[in-house]
Amino acid sequence: MSDFVKVVLVTGGSSGLGKAICERLAAQGHKVYGTGRKVTDEVMAGYTMMAMDVTDSASVQLAVDRILEREGRIDVVVNNAGIGIQGPAEDITPEMAQKVLDTNLIGPHRVCRAALPAMRTQGRGLIVNISSIASNFGLPYRSFYSASKAALDRYGEALSIEMKCFGIQVVSIQPGEFKTNIASGRLRPEKISEAHTPGYNKAMEVLGSSLHYSRDPDELARVVAKVIDSEHPKATYIVAQGMQRISVLAKKLLPGRMFQRMVGKHYE
Ligand SMILES: NC(=O)c1ccc[n+]([C@@H]2O[C@H](COP(=O)([O-])OP(=O)(O)OC[C@H]3O[C@@H](n4cnc5c(N)ncnc54)[C@H](OP(=O)(O)O)[C@@H]3O)[C@@H](O)[C@H]2O)c1
């Protein structure tokens, strides 16, 4: 897919990585629609924002229908909207877990279900799922975040195989840590149980002091732009540096228990 202006839907375009993706793609001449829960229709710097809550099927369908009405097609969907969650796994209530999965996994599925019929008719399309390097391993005290992104990757993999015959490609982008609002918006248990408090506090201290949080979201947006312009995008792109990148390789190479010890030590 290259050499023409693409109609792109970016979920979660109101902040962080999604906003950077909207700005970068619009600057490169694409017709971009960003979405967020609180926005009313608004024309930003070269792109349009509209309302969509990815946990609400009717809201997703409405936004997709409106783009199709205006443009007649959707070439690319960037499933970016997502939320974080932190807390000892034992303290995460099923309701909290459901909320994360509803946003980070079922949300992209709702958007795909709304956009895929048009893409099949067009005979081409690209779905870009913004996953995380956390999908590659279970991060301590962020179990359901890792689980939601791992599930999103497996979902995308299966979808990719099913959709190939319709000319539709599916890509997973796995960012490391970028400077956005994700940390402040993470779901947290109301109470951390006493037994888990020392380990949890220590891990959150390490997480909070991570220097990697200073990375510019536009760096990620540039990768999305490259993927969109690529004729044959790869299945997975890891956009991380240093230890974060190495940890993905270490997970593949090291025996399971050794890798778990390494991650555990990092958060001690
Ligand atoms: N920042 C990182 O270090 C990092 C690393 C790996 C992966 N990621 C992934 O990157 C994606 C973007 O996160 P970010 O870091 O840019 O965080 P962010 O600044 O908090 O932005 C999250 C975006 O998701 C939207 N959103 C949340 N829940 C939604 C819902 N139910 N319906 C529609 N939109 C919803 C928010 O829009 P409204 O609140 O306006 O609705 C916002 O635009 C997420 O999928 C995240 O998991 C981030």
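If you're wondering where the values come from, they're calculated on a predicted model, not measured in any experiment.

## Some points on the overall build of the protein
Helices and strands together make up the secondary structure of the protein, namely 8 helices and 8 strands. With the C-alpha coordinates of the protein rotated into their principal frame, the extents come out at 55 × 40 × 30 Å. Within the protein, contacts between residues separated by at least 24 positions form 73% of all contacts whose residues are at least 6 apart in sequence. For the protein, the accessible area works out to roughly 13,100 Å², and carbon and sulfur atoms hold 54% of it. Charge-centre separation for the protein: the mean point of 33 positive side chains lies 5 Å from the mean point of 27 negative side chains.

## Details of the sheet that holds strand β6 (residues 125-130)
Paired through backbone hydrogen bonds, the strands of a sheet run either parallel or antiparallel to each other. Judged by pairing direction, the sheet is mixed, and its 8 strands sit side by side in the order β3-β4-β2-β1-β5-β6-β7-β8 without closing on themselves. Two strands in the sheet have a free side with no partner beyond their single neighbour: β3 (42-43) and β8 (236-239).

## Here we look at helix α7 (residues 242-253)
End to end, α7 covers 17 Å across 12 residues, agreeing with the expected 16 Å (1.5 Å per residue, within 8%). Residues of α7 that are buried include every one of Q244, S247, V248 and A250, and no others. Buried residues of α7, seen end-on, are gathered within an arc of 165° and therefore sit on one face of the element. Facing away from the buried surface of α7 by more than 90 degrees, the exposed residues are I246, L249, K252 and L253.

## A short note on the packing of aromatic side chains
Counted according to the given criterion, the structure contains 2 aromatic pairs. With 5.5 Å between their ring centres and 45° between their planes, F137 and F259 make a pair best called tilted. Separated by 122 residues along the polypeptide, F137 in the loop between β6 and α4 (143-163) and F259 in helix α8 (residues 256-266) bring together distant segments of the chain. Accessibility assignment for this pair places F137 and F259 in one class, buried. Note on Y141 and Y200: the rings are 5.8 Å apart at their centroids and 70° apart in plane angle, and the pair reads as edge-to-face. On the criterion of sequence distance, the pair formed by Y141 in the loop between β6 and α4 and Y200 in helix α5 (residues 197-208) is long-range, its members being 59 residues apart. Assessed through its relative accessible area of 21%, Y141 is described here as partly exposed. For K6, the ring lying beneath its charged end belongs to F4, and the centroid distance is 5.1 Å. Across from the ring centre of F166, 5.7 Å away, lies the NZ or CZ of R120, which sits over that ring.

## Structural notes on the site of the ligand
Taken together, 30 residues sit near the ligand, with S14, S15, Y145, F178 and T180 positioned nearest. At a separation of 3.5 Å, an oxygen atom of the ligand approaches a polar backbone atom of G82. Note that an oxygen atom of the ligand is positioned 3.2 Å from one of the backbone N or O atoms of N181. Within the complex, the protein chains bury 93% of what would otherwise be the 890 Å² of accessible surface of the ligand. For the shell around the ligand, the elements supplying multiple residues, two or more each, are α1 (16-27) and α4. Per-class residue counts for the shell around the ligand are 10 nonpolar, 15 polar and 5 charged.

## Description of the nonpolar core
If you look at the biggest cluster of nonpolar residues, it comprises 29 residues, and the most contacted ones within it are I21, V78, I173 and L220. Elements supplying a minimum of two residues to this core: β1 (7-10), α1, β5 (76-79), β6, β7 (168-175), α6 (217-229) and β8. At 7 residues, the largest contribution of residues to this core is made by α6. Of all hydrophobic cores here, the second largest spans 27 residues; its members include V64, I67, L116 and M163.

## Considering the pattern of salt bridges
This structure, assessed with the given rule, holds 11 salt bridges. With a closest N to O distance of 3.6 Å, E205 and K202 form a salt bridge. Of this pair, E205 and K202 both sit in helix α5, 3 residues apart, roughly one helical turn. Classification of E205 as exposed rests on a relative accessible area of 51%. D218 is paired through a salt bridge with R222; the nearest N and O atoms lie 3.0 Å apart. Of this pair, D218 and R222 both sit in helix α6, 4 residues apart, roughly one helical turn. Owing to a relative accessible area of 48%, R222 belongs among the partly exposed residues under this scheme. Among the ionic contacts, a cluster of salt bridges with common partners joins R24, D218 and R222.

What counts as what
- Each chain has its residues counted from 1, following the order in which its sequence is written.
- Local features in a predicted model are, by the rule used here, given only for residues with pLDDT of at least 70; side-chain atom pairs are given and counted only at 80 or more, and totals for whole chains, interfaces and linings are based on all residues.
- The side-chain quantities take in all heavy atoms of the structure and omit both hydrogens and water.
- Elements are defined by DSSP. Helices are runs of H or I of four residues or more, strands are runs of E of two residues or more, and each kind is numbered from the N terminus.
- Residue contacts are counted whenever heavy atoms from the two residues lie within 4.5 Å of one another.
- Note on areas: these come from Shrake-Rupley sampling with a 1.4 Å probe, and a residue is covered only by the protein chains present in the view.
- Two residue types count as positive, namely Lys and Arg, and two as negative, namely Asp and Glu; His and chain ends fall outside the count.
- A charge is said to be at NZ when it belongs to Lys, at CZ for Arg, at CG for Asp and at CD for Glu.
- We call two strands paired when DSSP finds no fewer than two bridges between them.
- Expected span, for any helix, means 1.5 Å times one less than how many residues it has.
- Whether a residue is buried, partly exposed or exposed follows from its accessible area with a 1.4 Å probe, protein chains only, as a fraction of its type maximum: under 20%, in between, or over 50%, in that order.
- Relevant arc is that of directions from the helix axis to the C-beta atoms, nothing else.
- Ring geometry is summarised as follows: Phe, Tyr and Trp rings, the Trp one being its six-membered ring, pair when their centres sit within 6.5 Å, and such pairs are stacked at plane angles under 30 degrees, edge-to-face over 60 and tilted between the two.
- Two thresholds decide whether a charge sits over a ring: the Lys NZ or Arg CZ must be within 6 Å of the ring centre and within 35 degrees of the ring normal.
- Definition of nearness: a residue and a molecule or strand are near each other if at least one heavy atom of the residue lies within 4 Å of the molecule or strand.
- For this analysis, a polar contact is any N or O atom pair within 3.5 Å, provided that within protein one partner can donate a hydrogen and the other can accept it, and provided that sequence-adjacent residues contribute only side-chain to side-chain pairs.
- Asp, Glu, Lys and Arg are counted as charged, while Ala, Val, Leu, Ile, Met, Phe, Trp, Tyr, Cys and Pro are counted as nonpolar; the rest, among them Gly, fall into the polar class.
- We call a set of buried Ala, Val, Leu, Ile, Met, Phe, Trp, Tyr and Cys residues a nonpolar core when their side-chain atoms join them within 4.5 Å.
- Any carboxyl oxygen of Asp or Glu that lies within 4 Å of a side-chain nitrogen of Lys or Arg is treated as forming a salt bridge with it.

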